[in-house]
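Coordinates in review
If you want the building blocks of each chain, they are given just below.
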Amino acid sequence: MALAGSRDSTDQDGTGESFILRSIKIAVVVTLYWFISITMVFLNNYLLDNKDLDAPIFITFFQCLVSVGLCRLMYFLSTLFPGNIDFPSMKFDLKVSREVLPLSIVFIGMITFNNLCLKHVGVAFYTVGRSLSTVFNVIFSYTIIKQTTSLKALLCCGVILGGFWLGVDQEGVAGSLSWTGVIFGVLASACVSLNAIFTKKVMPVVDGSIWKLSFYNNLNACVLFLPLIVIFGELGSIFNFNRLGDPQFWGMMSLGGLFGFGIGYVTGLQIKFTSPLTHNVSGTAKACAQTVLAVMYNHSSKSPLWWTSNMMVLAGSSGYTWVKGMEMKKAPAQIPQVTVSKEMTQKNHPDV
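Quick caveat: nothing in here was measured; it's all calculated off a predicted structure.

In terms of helices and strands, the chain carries 15 helices and zero strands. Residue pairs at least 24 apart in sequence account for 82% of intrachain contacts in the chain once pairs closer than 6 positions are excluded.

Structural data, given as structure tokens:
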């Protein structure tokens, strides 16, 4: 469906691009999205699982700092090569920074809880542990912006909830359950949904530019993370870390920030070459592949019910995406904007 839609739009533009060429481009973009997203999750898990450096907030802070630096770099390059690079102005405006601050607070909660969940549950259970963002979308759509959800979408949420609880149960049976990680996953899911709502409200402040929003979000986060690093006692762990002078360590840290920045670009590319609906389906399939890769990498043995919980979460998420897509086609003006702005959230932060 996405391929046909993309071809039609190309034909209308009069570019004469063949179906095969268009298909190859889409395949390359989707593959790039999968590669960057999956690699980033495994890389973050590697960094957060470092036994010698128990400083998840510092790691998150550094990745935000890298994103700010890359935004500035891209803006600088766009001024040097205006015909080749199109990037919005990254000049700092204190007023804009203040207006983005409420979103930045939610953003900090989202990325911090996201990383803490990954740290405690690992990559294999990560999909299930972070699966409730769709459910929170429905809850916050009703409680905050007073928008109801169809019965079909609610049934999909029920499937997700069932998969989540079955997954928690099976992790407990296997003796690998981390309630701390589960709680962080639930909090991260709630923040993802709130981030979508706040993003829609703040977008006019940054002239609708997701890159400007990313710049101010990450910049505000860098400032707010500094006291949190002190409050949570990470300074001692940082200064006692024996690899502070190791270029390989900083290279991996910088690579994590680079992939976090890059996911915003490839997410936009995938939506551009396919559609928001196809992008969400691709993300769901990617999560499935990510789980399989994690189990294979760790040489784990999982029960049939554990795999069932993952399939329930993925099926419920895919079903919800499909239902919302059909509803948007029938009555775009009546569909909750939280769903529409999910792509904004994903471009704001990696793999949410």
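So much for the structure itself; the text now carries on.
Let's shift gears to a nonpolar patch on the surface. On the surface, L161, W165, W179, I183 and L187 cluster together to form a nonpolar patch covering roughly 520 Å² of accessible area. Elements with a contribution of two residues or more to the nonpolar patch: α7 (151–174) and α8 (179–202). Ranked by residue count, the leading element in the nonpolar patch is α8, at three residues. Within the element layout of this structure, W165 appears in helix α7.

Where helix α3 (residues 56–80) contacts helix α11 (residues 247–273), the axes come no closer than 8 Å and their chain directions differ by 60 degrees. In terms of orientation, α3 lies oblique with respect to α11. Between α3 and α11 lies a crossing whose hand is right-handed. Contacts between α3 and α11 involve F58, I59, F62, Q63, V66, S67, L70, C71 and M74 on the former and, on the latter, W250, M253, S254, G256, G257, L258 and F261. Broken down by class, the residue content of the contact of α3 with α11 amounts to 11 nonpolar, five polar and no charged.

One non-glycine residue, D207, lies in the positive phi region at around 60 degrees. Looking at the element boundaries, D207 is found in the loop between α8 and α9 (210–231). Non-glycine residue H299 carries a positive phi angle of around 55 degrees. Positionally, H299 belongs in the loop between α12 (276–297) and α13 (304–330).

It is worth spelling out the nonpolar core at this point. Counting 81 residues, the largest nonpolar core has L213 and F225 as the members making the most contacts within it. Each residue touching F225, except ones within four places of it in the same chain, is listed here: I57, T60, F61, C64, I108, I111 and T112.

Between side chains of opposite charge, a pair can form when the charged atoms approach closely. What the rule picks out here adds up to five salt bridges. One salt bridge connects D207 with K212, and the closest N-O pair in it is separated by 3.2 Å. R243 is the partner of D246 in a salt bridge, and the nearest nitrogen-oxygen pair spans 3.1 Å.

For the rest of this paragraph, the subject is the confidence of the model for the chain. The predicted model of the chain averages 84 in pLDDT, with 88% of residues at 70 or higher. This model gives residues 1–15 a pLDDT under 50, and the stretch forms 16 contacts once residues within four places in sequence are excluded. In this model, residues 333–348 is a region of pLDDT below 50 whose contacts with residues beyond four sequence positions or in other chains number 45 contacts.

This brings us to the side chain of Q270. Counting through the fold element by element, Q270 comes out in helix α11. Here S282 takes part through its side chain, which lies 2.9 Å from a polar atom of the side chain of Q270. Contact partners of Q270, with chain neighbours within four places excluded, come to V29, V30, Y33, S275, H279 and S282.

Below, the discussion takes up the environment of V202. Here V202 is to be found in helix α8. Residue classification places V202 among the buried positions, given a relative accessible area of 6%. Here the alpha-carbon distance between V202 and V100, two residues 102 residues apart in the chain, equals 6.3 Å. Setting aside chain neighbours within four positions, we find V202 in contact with E99, V100, L103 and L213.

A separate point is the packing of helix α4 (residues 94–121) against α8. At a minimum axis distance of 7 Å, the contact between α4 and α8 shows a crossing angle of 155 degrees. Considered as vectors, α4 and α8 are oriented roughly antiparallel to each other. Viewed along their axes, α4 and α8 form a crossing whose handedness is left-handed. Of the residues contributing to the contact of α4 with α8, the split by class is 19 nonpolar, eight polar and one charged.

On inspection of all chains with the given rule, the structure shows 15 aromatic pairs. Summarising the aromatic geometry, the rings of F215 and Y216 are spaced 5.2 Å apart at their centres and angled 75 degrees between planes, so their arrangement reads as edge-to-face. F215 sits in the buried class, given a relative accessible area of 3%. Residue class for Y216 comes out buried when judged on its relative accessible area of 2%. An aromatic cluster is built from F58, F61, F62, F241, F249 and W250, whose rings are joined through pairwise contacts.

Given a rise of 1.5 Å per residue, 22 residues ought to cover 32 Å, and the 31 Å separating the end C-alpha atoms of α9 matches this to within 8%. Directly after α9, the chain includes G233, whose backbone phi takes a positive value near 65 degrees.

Time to look at the environment of L187. Relative to the elements of secondary structure, L187 occurs in helix α8. Taking the C-alpha atoms as reference points, L187 and F113, separated by 74 residues in sequence, lie 6.4 Å from one another.

Cut-offs applied
- Residues numbered from 1 in each chain as written.
- Predicted model: local features only at pLDDT ≥ 70, side-chain atom pairs only at ≥ 80, totals over all residues.
- Heavy atoms only, no water.
- Helix = DSSP H or I, 4+ residues; strand = E, 2+ residues; numbered from the N terminus.
- Contact = heavy atoms within 4.5 Å.
- Patch = residues over 30% accessible without salt bridge, like charges linked within 9 Å, V, L, I, M, F, W, Y side chains within 5 Å.
- Areas by Shrake-Rupley, 256 points an atom, 1.4 Å probe, with all protein chains shown as cover.
- Salt bridge = Lys/Arg side-chain N within 4 Å of Asp/Glu carboxyl O.
- Axes fitted to C-alpha atoms, helices over the stretch in contact; angles between N-to-C directions.
- Parallel < 35°, antiparallel > 145°, perpendicular 65-115°, else oblique.
- Left-handed = near helix turned anticlockwise from the far one by under 90°.
- Nonpolar A, V, L, I, M, F, W, Y, C, P; charged D, E, K, R; others polar.
- Core = buried A, V, L, I, M, F, W, Y, C linked by side-chain atoms within 4.5 Å.
- Buried < 20%, exposed > 50% of the residue type's maximum accessible area, 1.4 Å probe, protein only.
- pLDDT = per-residue confidence, 0-100.
- Polar contact = N/O pair within 3.5 Å; in protein donor to acceptor, adjacent residues only side chain to side chain.
- Phe/Tyr/Trp six-rings, centres within 6.5 Å; stacked < 30°, edge-to-face > 60°.
- Expected span 1.5 Å × (residues − 1).

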